[in-house]
Structures are given as C-alpha cells and as structure tokens.
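# Structure at a glance
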Amino acid sequence: VFQKWVNREISNFDYLIQLNTMAGRTYNDLAQYPVFPWILRDYTSEELDLNNPAVFRDLSKPIGVVNEKNAKTVKDKYENFEDPLGMIDKFHYGTHYSNAAGVMHYLIRVEPFTTLHIQLQSGRFDCADRQFHSIPATWQALMDNPNDVKELIPEFFYFPEFLENQNGFNLGQLQISKEVVNDVVLPKWAHSPEDFIYKHRKALESEYVSAHLHEWIDLIFGYKQRGPAAVEALNVFYYCTYEGAVDLDALTDEKERKALEGMINNFGQTPCQL
C-alpha cells in the first residue's frame, strides 16, 4: 500500500482509509472510528487558494499545538504532572483526538448518530452552544483551547448530508447571539455542503498535503505515537488510550474492570502502532 501511495497510484483519501483499517479502526465501532486530519486553517477567506501553503494546517504538529500559543500550556501540564500513586504516566492531553462522543458530535444531524447522541445526553440534545454548528467556529475553538483536540472523521471528505439538518431536528439556539442551530455554518469559500466537500477533498489531494501527510501519519499511526519521540512532539495522551496499557483480563474485580472499560470507550483509543 505504501509503495502504491508513494507512486501516486492511490489517493491520499484511500491511503488514510487503508492505514486506519490496518490500525484496527472501523466504522462499526464509535470508540475506534477512522480518524482523518484537519488539513486547512483558512475558514474565513472568500476564495480558497490551494496553491498557497499558508491556507494549510501544519501537519507535523498535533492539533492541540498547531496554535503555537498552546504549546507552553501543554508542555507545562506534562512536566508538572505527578500521580501520587505512581500509576498514571505523564501526558499532554487528558482528552483524545478521536472518541465516540466526538463522532456523534460531528454526525448529530444524521441517524443513527442523532439517537445515540440523545441517549448519551440522558434523553435530550446537549445545549446548543456545545453542538457542532459551524466549521469556522469549530476550528477557532480548537485554536483557542488546548484541551479540545478533536481531529476529523472521513465524512468531511465525501458526505455533504451530515452538514444539513435534513430531518429538521430542533437543536436549540446559541445563548449569546440567539442564532438557531440548523444546518452547519460553512466557511465563506464554500457555497453549499456539496461545494465544501468538493473543495475539502481537493485540498486533501493537493500537492501540499501529499508532501506533508506523512508527518501527521507519524503522529497518529507511526513512530511519534509513543515513547521519547511522542514526548518531544507534544503528542502524549492519557495512559489508558494506548493499546496494551491496561490488561483488562488481569483485573479480577468486576467493578474495576467495568470502570476501566468505560473509561477506555469514552476517552478514545490510540490506533495500533503501524
């Protein structure tokens, strides 16, 4: 697969899907859903210029520190963390770039994810301000908040329907602006959900991303996923998100095991290292 990708016989999209599959990710498990990168950082221009490197996200950095301002906070958190019981390793992020709640967050407008979201929120929609309501606002929130580190899901590159409230769900209104949450607000350069998907997919297959995608792959699937390389790259997540970090079979206490299982499912899981 790697050789095919290097020879440009398969697209960046296909390569990412295949890596996800090899690393144990699947559409059938929300806790291990395929993970895709944020690839752009320009969500405000009238036109999207894919020949300009400045419109792209820095793929060599975890999303939590793409904004340089967050790097110090994240570093300090790691360096000052001490577990009095000595069980929990130091980490940069207590949340994860891919978890079940994040998948439901993005796909809230389409079933079965709507129902799953409502179940997760004890029978109602979460408050409107926490809904996925705008792509530019979601990116801005990531840049402002080092604790929000959600990457994307594959649907951002082929499925315009998830950006539309075709079922007419009542998702509430934003507290401050009183704006009703309906279809997802798109970047100015996208004239419709279809146009967004078309341009976003074009961006994924662009020259810039083709040249830099391997840097992101190293962080998620490769050698910067754990160990000293991960520490240096500010890419260490909570210990129980890693494969093999917890031996569930060794836990004899049923309650403890259930609690840990729940934690792993909710926190997200780091893909198998390839």
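Residues numbered from 1 in each chain as written. Predicted model: local features only at pLDDT ≥ 70, side-chain atom pairs only at ≥ 80, totals over all residues. Heavy atoms only, no water.

### Side note on the packing of aromatic side chains
- Counted according to the given criterion, the structure contains 27 aromatic pairs.
- Between Tyr 27 and Tyr 33, the aromatic rings sit 5.3 Å apart at their centres with planes inclined by 90°, giving edge-to-face as the arrangement.
- On the basis of relative accessible area, Tyr 27 is assigned to the partly exposed category, the value being 36%.
- For the pair Phe 81 and Phe 91, a centre-to-centre distance of 4.9 Å together with 55° between the ring planes defines the contact as tilted. Within this pair, whereas Phe 81 is found in the loop between α3 (68-80) and α4 (100-106), its partner Phe 91 is found in the loop between α3 and α4, the two being separated by 10 residues in sequence.
- Lys 90 extends its terminal NZ or CZ atom over the ring of Tyr 78, reaching a point 5.9 Å from the ring centre.
- Taking NZ or CZ as reference, Arg 201 lies 4.1 Å from the ring centre of Phe 13, over its face. (Phe/Tyr/Trp six-rings, centres within 6.5 Å; stacked < 30°, edge-to-face > 60°. Buried < 20%, exposed > 50% of the residue type's maximum accessible area, 1.4 Å probe, protein only. Helix = DSSP H or I, 4+ residues; strand = E, 2+ residues; numbered from the N terminus. Lys NZ or Arg CZ within 6 Å of the ring centre and 35° of its normal.)

### Focus on the UniProt feature "domain: BEACH" (unreviewed entry) in the chain
- Mapped onto this structure's residue numbering, the UniProt feature "domain: BEACH" (unreviewed entry) falls at residues 1-274.
- Split by type, residues 1-274 is 36% helix and 0% strand. Its first and last C-alpha atoms lie 13 Å apart. (UniProt positions renumbered as here; feature names shortened; annotations may be inferred.)

### Description of the nonpolar core
- With 74 residues, the main nonpolar core has Leu 40, Ile 135, Phe 156, Leu 163 and Phe 196 as its most contacted residues.
- Of all elements in the fold, only α2 (12-22), α3, α4, α6 (135-144), α7 (193-204), α8 (207-220) and α10 (254-267) reach the threshold of two or more residues within this core.
- The element best represented in this core is α8, accounting for six residues.
- Discounting residues that sit within four places of it in the chain, Leu 163 has contacts with Arg 109, Phe 132, Ile 135, Asp 183, Val 184, Leu 186, Pro 193, Phe 196 and Ile 197.
- In this structure, Ile 108, Ala 128, Leu 171 and Leu 174 belong to the second largest nonpolar core, which totals six residues. (Core = buried A, V, L, I, M, F, W, Y, C linked by side-chain atoms within 4.5 Å. Contact = heavy atoms within 4.5 Å.)

### Some remarks on the packing of α2 against α8
- With their axes 11 Å apart at the nearest point, α2 and α8 run at an angle of 15° to one another. In terms of their interaxial angle, α2 and α8 are classed as roughly parallel. Between α2 and α8 lies a crossing whose hand is right-handed. Here Asn 12, Tyr 15, Leu 16 and Leu 19 of α2 come into contact with α8, specifically with Val 209, Ser 210, Leu 213, Trp 216 and Ile 217.
- For the contact of α2 with α8, the per-class residue count stands at seven nonpolar, two polar and no charged. (Axes fitted to C-alpha atoms, helices over the stretch in contact; angles between N-to-C directions. Parallel < 35°, antiparallel > 145°, perpendicular 65-115°, else oblique. Left-handed = near helix turned anticlockwise from the far one by under 90°. Nonpolar A, V, L, I, M, F, W, Y, C, P; charged D, E, K, R; others polar.)

### With respect to α2
- For α2, every residue scored as buried is listed here: Asn 12, Phe 13, Tyr 15, Leu 16, Leu 19 and Asn 20. Down the axis of α2, the buried side of the element spans an arc of 165°, and every buried residue falls inside it.
- Against the buried residues of α2 lie α1 (2-6), α7 and α8.
- Count one or two residues on from α2 and you reach Gly 24, which has phi positive near 85°. (Arc of directions from axis to C-beta.)

### Thoughts on unusual backbone geometry
- Between Glu 111 and Pro 112 the backbone carries a cis peptide bond, its omega angle lying at 5°.
- Assignment of secondary structure puts Pro 112 in the loop between α4 and α5 (113-120).
- One non-glycine residue with positive phi stands out, namely Ser 122, at about 55°.
- Secondary-structure assignment places Ser 122 in the loop between α5 and α6.
- Positive phi is not limited to glycine here, since Lys 178 has a value of about 60°.

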